[in-house]
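As a plain string of letters, each chain reads:
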Number of protein chains: 2
Amino acid sequence: MSLVVIGSVAYDAIETPHGKRERTLGGSCTYIALSASYFTTTSIVGVVGDDFAAEDRALLASKKVDLEGLEQVPGKTFFWSGVYSADMNDRQTLQTDLNVFADFQPKLPAAYAKQPYLFLGNIQPTLQRGVQEQMSGARFIGGDTMNLWITHAREELLQTIKNWDFLLINDSEARMLANENNMRKAAAKILDLGPGTLVIKRGEYGAMLFRRDTLFMVPGYLLDDVFDPTGAGDCFAGGFVGYLAQRGFDLRNGNFDIHELHRAVIYGSVMGSFCCEQFGVERFRDLTRKEIDNRFEEFRRFTAF
Amino acid sequence: MSLVVIGSVAYDAIETPHGKRERTLGGSCTYIALSASYFTTTSIVGVVGDDFAAEDRALLASKKVDLEGLEQVPGKTFFWSGVYSADMNDRQTLQTDLNVFADFQPKLPAAYAKQPYLFLGNIQPTLQRGVQEQMSGARFIGGDTMNLWITHAREELLQTIKNWDFLLINDSEARMLANENNMRKAAAKILDLGPGTLVIKRGEYGAMLFRRDTLFMVPGYLLDDVFDPTGAGDCFAGGFVGYLAQRGFDLRNGNFDIHELHRAVIYGSVMGSFCCEQFGVERFRDLTRKEIDNRFEEFRRFTAF
């Protein structure tokens, strides 16, 4: 079943110890949609400028991503540039030009509002809430946020996530949101804020899923080479929610298989790992579903005891 | 079957955000033996001064640890003091008084030399080699090392581990030993040095086991409160090798179940997690095998998908 994704569509300049790219397709919405497209029909809501290249539109279209909600307006597309440290565990932002994204007001095409799955990429929480309120048939909605909103738009953020089925953030954001350093205690506090399912990404160390009665953990996939971690967290999100959409997962009817959520975390980890194998979105040009399923099985082998 | 453990027996002064202890039983040999004692008969080789307290000897004896190889000589027992950072991911050594440990020359009682399992705690590599060469019926031998020997006694260390069945170190030591930042590549280089099995501890992030044909990974156990991480890595070692000794694991006959090694990593993780629940060795005063097996099953639940 169909998934709607809201977020940024951007151009990135990236430098890692393996090389650099001056201008490559990026943005949270792009990564989430490309990743989810391997599992389900995906529709995006975003904005680009008149510099958005036909070949980038074509890449998304080649994955059958519905672009009706991708608005194109005069001006330049969101631009970000950053450089990674030698071990790639840190990165420094060199430049952020919001450009047309500064005035982004998500417009949901009528057909999108009836879709059952929604992933709200990291944008201002009030804008996220505006979108979710338009979704009339949602079965499973949730999204991401970031330190900026946790610190500077905390009340709006709390109002927004209160009604989410799931929240998907990284470990430092979880600690900041809960104001608690111990991860188990932080997770308990976040579940009290509304989302019944909390997924915490830990970068190379894997991911965890928390519900009141459940804890699931998976180690990170060990790559021979990490070329570029940009977008890995968003690809995780795309794999997680894309898999659940494919399965028709319905948390709200109360009669679901908890292992489906666990498998969704594995698919998220798989997609995040593929993302790091090449620069930007390049790995998605030739990645196949068979490779994805093979890596899922690899996760089984290296965690079985 | 019986396990022999070589290493330090010490007194520690420890400060963590949860409190402090001025003088508490510690040392790698102590932690490894206490942990392993839940799985198998354990014999230790170490040295203490004439200040070694009867109650500390009694704690080890209460776990049926064979103390024939614990030499007592005039002088003071090895003393270490350290303070942990607020998040307990770093610690600063305040004082290290080797005392009687400075002249430690491991003396293996005759009965020990016939035992099949040997864990060489972190001491000077040439001393480690001297012990392993006296073990006539070893089925599974290996041990630990540290940055000091990797840097300052590299050749002796390489000569020593060449004949080990397993090496058990932490991630930063693995990177230093292999001179390689990528963990998968570092592991491959270390396996080339001799040990057929490499276990890498990652602290709160869990552990990994590498063989030429195998990768196994487990996330760390999430504790509600980490009181004191001192000795957790040694307790991991005790659980790992203790479980294999209990099972009569025989790597050298080539006909073994790889999942036994995986389960040994889980038992190592379980023992490391219990160690952190109280100061020093205190958790081992009342810990039961039933609690250990329950936590092992908990690991199954939170990693199944």
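Here the structure is a predicted model, which is why all the values come from computation and not from measurement.

Parameters at a glance
The residue numbers shown here count from 1 along each chain, following its written sequence. For naming, the first written chain is A and the first written ligand is 1, with later ones following in the order written. Owing to the predicted nature of the model, reporting of local features is limited to residues with pLDDT of at least 70; listing and counting of side-chain atom pairs is limited to 80 or more, with chain, interface and lining totals taken over all residues. Hydrogens and water molecules were not included; the side-chain quantities draw on all heavy atoms of the structure. For each structure, a 1 Å grid was placed over the protein atoms alone; sets of points admitting a 1.4 Å probe that cannot get out are labelled cavities, open sets with protein on both sides within 12 Å along at least five of seven lines are labelled pockets, and lining residues have an atom within 4 Å of a point. Grid points are joined across faces, edges and corners, and a volume is the space filled by probe spheres set on the points. Note on conventions: DSSP H or I runs of at least 4 residues are helices, E runs of at least 2 residues are strands, and numbering of each starts at the N terminus. Note that Gly is not counted as nonpolar here; it falls among the polar residues with everything else outside the nonpolar set of Ala, Val, Leu, Ile, Met, Phe, Trp, Tyr, Cys and Pro and the charged set of Asp, Glu, Lys and Arg. Two strands are counted as paired when DSSP detects at least two bridges linking them. Helix axes use the C-alpha atoms of the stretch in contact, all axes being lines fitted to C-alpha atoms, and the angles between their N-to-C directions lie in the range 0 to 180 degrees. What sets the superposition is a least-squares fit of C-alpha atoms, and only residues with pLDDT of at least 70 in both copies go into it. Contact criterion: two residues are considered in contact whenever any of their non-hydrogen atoms come within 4.5 Å of each other.

J.: When you look at empty space enclosed by the protein in this model, what are you seeing that I'm missing?
T.: Over the atoms, a rolling probe the size of a water molecule traces out where space has been left empty. According to the stated counting rule, one finds one cavity of 30 Å³ or more in the structure shown. Quantified by volume, the largest cavity comes out at close to 50 Å³. Taken together, 13 residues form the lining of the largest cavity, with Pro219(A), Thr303(A), Met217(B), Pro219(B) and Thr303(B) sitting closest to its centre. Listed by contribution, the elements that provide at least two residues to the lining of the largest cavity are strand S13 (214–218) of chain A together with strand S13 (214–218) of chain B. Sorting elements by how many residues they give to the lining of the largest cavity places S13(B) first, with three residues. Split by residue class, the lining of the largest cavity holds eleven nonpolar, two polar and no charged.

J.: So what exactly am I meant to see when it comes to the layout of surface pockets here?
T.: If you add up the space inside the second largest pocket, you get close to 190 Å³. Lining the second largest pocket are Arg184(A), Ala187(A), Ala188(A), Leu191(A), Phe210(A), Arg211(A), Arg212(A), Asp213(A), Thr214(A), Leu215(A) and Asp224(B). For the lining of the second largest pocket, the secondary-structure elements that each account for two or more residues are helix H7 (183–191), strand S12 (207–211) and S13 of chain A. In terms of residue class, the lining of the second largest pocket is built from five nonpolar, one polar and five charged.

J.: Before we go on, may I ask you to explain the sheet that holds strand S12 (residues 207–211) of chain B in this structure?
T.: In a beta sheet, neighbouring strands pair by backbone hydrogen bonds and run either parallel or antiparallel. All names here are of chain B. Read across the sheet, nine strands follow the order S5-S4-S1-S8-S9-S10-S11-S12-S13 without closing on themselves; strand pairing throughout is mixed. The open sheet is flanked by strand S5 (70–72) and S13, the only strands paired with a single partner. With strand direction ignored, the average angle separating the axes of adjacent strands in the sheet is 15 degrees. Direction of pairing for strand S8 (residues 117–120) relative to strand S9 (residues 140–143): parallel, over a ladder of four bridges. Within S9, the residue paired with Phe119 across the bridge is Gly142.

J.: Could you clarify how one ought to interpret the relation of the copies chain B and chain A in this entry?
T.: Turning one copy of the chain about an axis and sliding it along that axis gives the other copy, so a rotation and a shift relate them. Mapping chain B onto chain A leaves a residual RMSD of 0.0 Å; the transformation is a rotation of 180 degrees accompanied by 0.0 Å of translation along its axis. Here the transformation between the copies is reduced to the relation of a two-fold axis. When C-alpha positions in chain B are compared against the rotation axis, the closest is assigned to Pro219(B), at 2.7 Å. Both copies share a contact surface, since 100% of the interface residues of chain B are interface residues in chain A too.

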